[in-house]
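# Descriptive analysis of the structure
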Amino acid sequence: MSVIYLLISISIIVAIGFFIAFIRAVKTGQYDDDYTPSVRMLFDDELIQSKVKKPKTKSSTTL
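Residues numbered from 1 in each chain as written. Predicted model: local features only at pLDDT ≥ 70, side-chain atom pairs only at ≥ 80, totals over all residues. Heavy atoms only, no water.

Looking up the chain in an unreviewed UniProt entry gives the name Cbb3-type cytochrome oxidase assembly protein CcoS, with the organism given as Flavobacterium algoritolerans.

## Focus: the overall build of the chain
Within the chain one finds 2 helices and 0 strands. Taken across its 63 residues, the chain has 3% of its residues classed as buried. Counting only carbon and sulfur atoms, one obtains 66% of the accessible surface of the chain, whose full area is about 6800 Å². (Helix = DSSP H or I, 4+ residues; strand = E, 2+ residues; numbered from the N terminus. Buried < 20%, exposed > 50% of the residue type's maximum accessible area, 1.4 Å probe, protein only. Areas by Shrake-Rupley, 256 points an atom, 1.4 Å probe, with all protein chains shown as cover.)

## So, the packing of aromatic side chains
Within this structure, the stated rule accounts for 1 aromatic pair. Both rings, one in Phe22 and one in Tyr31, keep their centres 6.1 Å apart while their planes meet at 45°; by these two values the pair is tilted. (Phe/Tyr/Trp six-rings, centres within 6.5 Å; stacked < 30°, edge-to-face > 60°.)

## Structural notes on helix α1 (residues 2-27)
With 26 residues, α1 extends 38 Å between its outermost C-alpha atoms, agreeing within 8% with the 38 Å of an ideal straight helix rising 1.5 Å per residue. Phi turns positive, to about 85°, at Gly29, one or two residues after α1. (Expected span 1.5 Å × (residues − 1).)

## As for a nonpolar patch on the surface
Together, Met1, Ile4, Tyr5, Ile8, Ile12, Ile16 and Ile20 make up a nonpolar patch on the protein surface, roughly 760 Å² of accessible area in all. Relative to the helices and strands, Ile16 is located in helix α1. A residue is classified by how much of its surface remains accessible, and Ile16, at 47% relative accessible area, is partly exposed. (Patch = residues over 30% accessible without salt bridge, like charges linked within 9 Å, V, L, I, M, F, W, Y side chains within 5 Å. Salt bridge = Lys/Arg side-chain N within 4 Å of Asp/Glu carboxyl O.)

Pasting the structure below:
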């Protein structure tokens, strides 16, 4: 039974360590995306063209 307490306490310490590392990475700008907004304007035309639907043609299926 004492092993369970040991494992739970170690897992909580590891989880706190990962949480502190995550908070530090967010505060230092690790997840800031500076590249995508500058490139997005180059691909806007392709996104707009892909959203335009092509006119439907009559299908030649007979019953």
